[in-house]
Amino acid sequence: MLKRIISEIDFQDSIHVLGFSDELNKLLLQLYLDNRKEIRSILGELTPKLPSYHSLEWRLDVQLASRSLRQQIKPAVTIKLHLNQNEDQTAQVLQTDPSTLLHLIQQLEQALGEMKTNHCRRIVRNMK
(Lines give C-alpha, C1' and ligand atoms only; values in the text may rest on other atoms or scores of the structure.)
Protein backbone atom coordinates (compact mmCIF):
# COMPACT_ATOMS: atom_id res chain seq x y z
CA MET A 1 0.00 0.00 0.00
CA LEU A 2 2.81 2.43 0.79
CA LYS A 3 4.21 1.99 -2.70
CA ARG A 4 1.05 3.52 -4.15
CA ILE A 5 1.26 6.81 -2.21
CA ILE A 6 3.03 9.67 -4.01
CA SER A 7 4.39 12.81 -2.41
CA GLU A 8 2.77 16.23 -2.64
CA ILE A 9 5.49 17.45 -5.00
CA ASP A 10 5.04 14.49 -7.36
CA PHE A 11 1.28 15.02 -7.38
CA GLN A 12 1.71 18.73 -8.13
CA ASP A 13 4.13 17.92 -10.96
CA SER A 14 1.61 15.48 -12.40
CA ILE A 15 -1.32 17.92 -12.44
CA HIS A 16 0.77 20.96 -13.41
CA VAL A 17 1.10 19.69 -17.00
CA LEU A 18 -2.71 19.72 -17.32
CA GLY A 19 -2.73 23.53 -17.43
CA PHE A 20 -5.24 24.24 -14.65
CA SER A 21 -5.19 27.48 -12.69
CA ASP A 22 -3.15 27.69 -9.46
CA GLU A 23 -6.33 27.84 -7.40
CA LEU A 24 -7.69 24.66 -8.98
CA ASN A 25 -4.31 22.93 -8.58
CA LYS A 26 -4.33 23.75 -4.84
CA LEU A 27 -7.90 22.46 -4.53
CA LEU A 28 -7.00 19.21 -6.33
CA LEU A 29 -3.96 18.79 -4.08
CA GLN A 30 -6.08 19.23 -0.95
CA LEU A 31 -8.67 16.73 -2.22
CA TYR A 32 -5.91 14.27 -3.01
CA LEU A 33 -4.29 14.68 0.43
CA ASP A 34 -7.64 14.19 2.17
CA ASN A 35 -8.52 11.05 0.20
CA ARG A 36 -5.22 9.59 -1.01
CA LYS A 37 -5.30 6.37 1.01
CA GLU A 38 -8.79 5.55 -0.20
CA ILE A 39 -7.91 6.50 -3.80
CA ARG A 40 -4.81 4.32 -3.76
CA SER A 41 -6.59 1.34 -2.23
CA ILE A 42 -9.30 1.52 -4.90
CA LEU A 43 -6.72 1.86 -7.67
CA GLY A 44 -4.83 -1.10 -6.22
CA GLU A 45 -7.93 -3.24 -6.46
CA LEU A 46 -8.57 -2.18 -10.05
CA THR A 47 -5.12 -3.03 -11.39
CA PRO A 48 -5.23 -6.03 -13.71
CA LYS A 49 -3.31 -9.14 -12.74
CA LEU A 50 -1.17 -9.51 -15.84
CA PRO A 51 0.94 -12.58 -16.55
CA SER A 52 4.70 -12.32 -16.08
CA TYR A 53 7.52 -13.72 -18.20
CA HIS A 54 9.01 -17.07 -17.19
CA SER A 55 10.93 -18.40 -20.18
CA LEU A 56 11.02 -18.53 -23.97
CA GLU A 57 11.69 -21.28 -26.49
CA TRP A 58 12.10 -20.64 -30.20
CA ARG A 59 12.60 -22.60 -33.39
CA LEU A 60 13.40 -21.61 -36.97
CA ASP A 61 11.67 -23.71 -39.66
CA VAL A 62 12.56 -23.37 -43.35
CA GLN A 63 10.62 -25.00 -46.15
CA LEU A 64 13.03 -25.50 -49.04
CA ALA A 65 10.75 -27.14 -51.59
CA SER A 66 7.27 -28.47 -52.19
CA ARG A 67 5.63 -30.62 -54.83
CA SER A 68 4.65 -27.62 -56.92
CA LEU A 69 7.76 -25.49 -56.34
CA ARG A 70 11.07 -27.28 -56.31
CA GLN A 71 13.15 -24.31 -55.22
CA GLN A 72 11.66 -22.01 -52.65
CA ILE A 73 12.70 -20.67 -49.30
CA LYS A 74 9.90 -20.10 -46.83
CA PRO A 75 11.22 -19.35 -43.32
CA ALA A 76 9.04 -19.30 -40.20
CA VAL A 77 9.92 -18.53 -36.60
CA THR A 78 7.96 -20.40 -33.92
CA ILE A 79 8.06 -19.00 -30.39
CA LYS A 80 6.75 -20.68 -27.25
CA LEU A 81 6.33 -18.13 -24.47
CA HIS A 82 6.00 -19.50 -20.94
CA LEU A 83 4.11 -17.16 -18.56
CA ASN A 84 3.33 -17.14 -14.83
CA GLN A 85 -0.07 -15.94 -13.68
CA ASN A 86 -1.45 -16.39 -10.17
CA GLU A 87 0.88 -19.34 -9.35
CA ASP A 88 -0.12 -21.05 -12.63
CA GLN A 89 2.16 -21.47 -15.61
CA THR A 90 0.77 -21.16 -19.13
CA ALA A 91 2.34 -21.27 -22.58
CA GLN A 92 1.50 -19.31 -25.71
CA VAL A 93 2.72 -20.49 -29.10
CA LEU A 94 3.28 -17.83 -31.76
CA GLN A 95 4.46 -18.19 -35.33
CA THR A 96 5.65 -15.46 -37.69
CA ASP A 97 7.94 -14.78 -40.59
CA PRO A 98 11.37 -13.18 -39.98
CA SER A 99 10.44 -9.79 -41.49
CA THR A 100 7.44 -9.40 -39.17
CA LEU A 101 9.62 -10.47 -36.24
CA LEU A 102 12.20 -7.80 -37.14
CA HIS A 103 9.44 -5.18 -37.30
CA LEU A 104 8.18 -6.29 -33.88
CA ILE A 105 11.71 -6.02 -32.45
CA GLN A 106 12.06 -2.47 -33.84
CA GLN A 107 8.73 -1.44 -32.31
CA LEU A 108 9.70 -2.89 -28.91
CA GLU A 109 13.08 -1.13 -29.01
CA GLN A 110 11.31 2.13 -29.86
CA ALA A 111 8.96 1.62 -26.89
CA LEU A 112 11.94 0.98 -24.59
CA GLY A 113 13.50 4.20 -25.88
CA GLU A 114 10.30 6.09 -25.05
CA MET A 115 10.49 4.78 -21.48
CA LYS A 116 13.76 6.68 -21.03
CA THR A 117 12.13 10.08 -21.58
CA ASN A 118 11.53 12.33 -18.57
CA HIS A 119 7.77 12.36 -19.15
CA CYS A 120 7.50 8.55 -19.02
CA ARG A 121 9.81 8.33 -16.00
CA ARG A 122 7.58 10.76 -14.10
CA ILE A 123 4.46 8.76 -14.97
CA VAL A 124 6.03 5.44 -13.99
CA ARG A 125 7.34 6.92 -10.73
CA ASN A 126 3.86 8.13 -9.85
CA MET A 127 2.27 4.78 -10.69
CA LYS A 128 4.42 2.85 -8.17
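From a predicted model like this one, the values you see are computed outputs, not experimental measurements.

A separate point is the UniProt feature "domain: COMM" (unreviewed entry) in the chain. The UniProt feature table records "domain: COMM" (unreviewed entry) at residues 52–119. Along residues 52–119 one finds 28% helix and 49% strand; the C-alpha atoms at either end are 25 Å apart.

On to the sheet that holds strand E1 (residues 52–63), then. Hydrogen bonding along the main chain pairs the strands of a sheet, whether they run parallel or antiparallel. Reading across the sheet, the 3 strands line up as E1-E2-E3 and stay open at both edges, with antiparallel pairing between neighbours. Of all the strands in the sheet, just E1 and strand E3 (88–96) have a single pairing partner and so form its edges. Each neighbouring strand pair of the sheet contributes to a mean axis angle of 15°, computed without reference to strand direction. Bridge analysis of strand E2 (residues 74–85) against E3 gives 9 bridges, and the strand direction is antiparallel. In the sheet register, Leu 83 faces E3, and the bridge partner there is Thr 90. Against the sheet, helix H3 (residues 98–114) contacts E2 and E3, and its axis sits at roughly 45° relative to E2.

Glancing now at the domain arrangement of the chain. Much of the literature gives interface size as the accessible area that the parts lose upon coming together. For the chain, the assigned domains are domain 1 (8–46), domain 2 (51–96) and domain 3 (98–127). Measuring from the centre of the C-alpha atoms in domain 1 to the corresponding centre in domain 2 gives 45 Å.

Turning to its location among the elements, Ile 9 is positioned in helix H1 (residues 8–16). On the accessibility criterion, Ile 9 (57% relative accessible area) is exposed. Each C-alpha atom, one on Ile 9 and one on Leu 29, is 9.6 Å from the other, the two residues being 20 residues apart in sequence.

Another point: the side chain of Asn 25. As for its placement among the helices and strands, Asn 25 is situated in helix H2 (residues 22–46). Asn 25 has contacts with Ile 15, His 16 and Phe 20, leaving out every residue within four places of it along the chain.

Basis of the calculations
Residues numbered from 1 in each chain as written. Predicted model: local features only at pLDDT ≥ 70, side-chain atom pairs only at ≥ 80, totals over all residues. Heavy atoms only, no water. UniProt positions renumbered as here; feature names shortened; annotations may be inferred. Helix = DSSP H or I, 4+ residues; strand = E, 2+ residues; numbered from the N terminus. Pairing = 2+ DSSP bridges. Axes fitted to C-alpha atoms, helices over the stretch in contact; angles between N-to-C directions. Contact = heavy atoms within 4.5 Å. Domains from an automatic or database assignment. Buried < 20%, exposed > 50% of the residue type's maximum accessible area, 1.4 Å probe, protein only.

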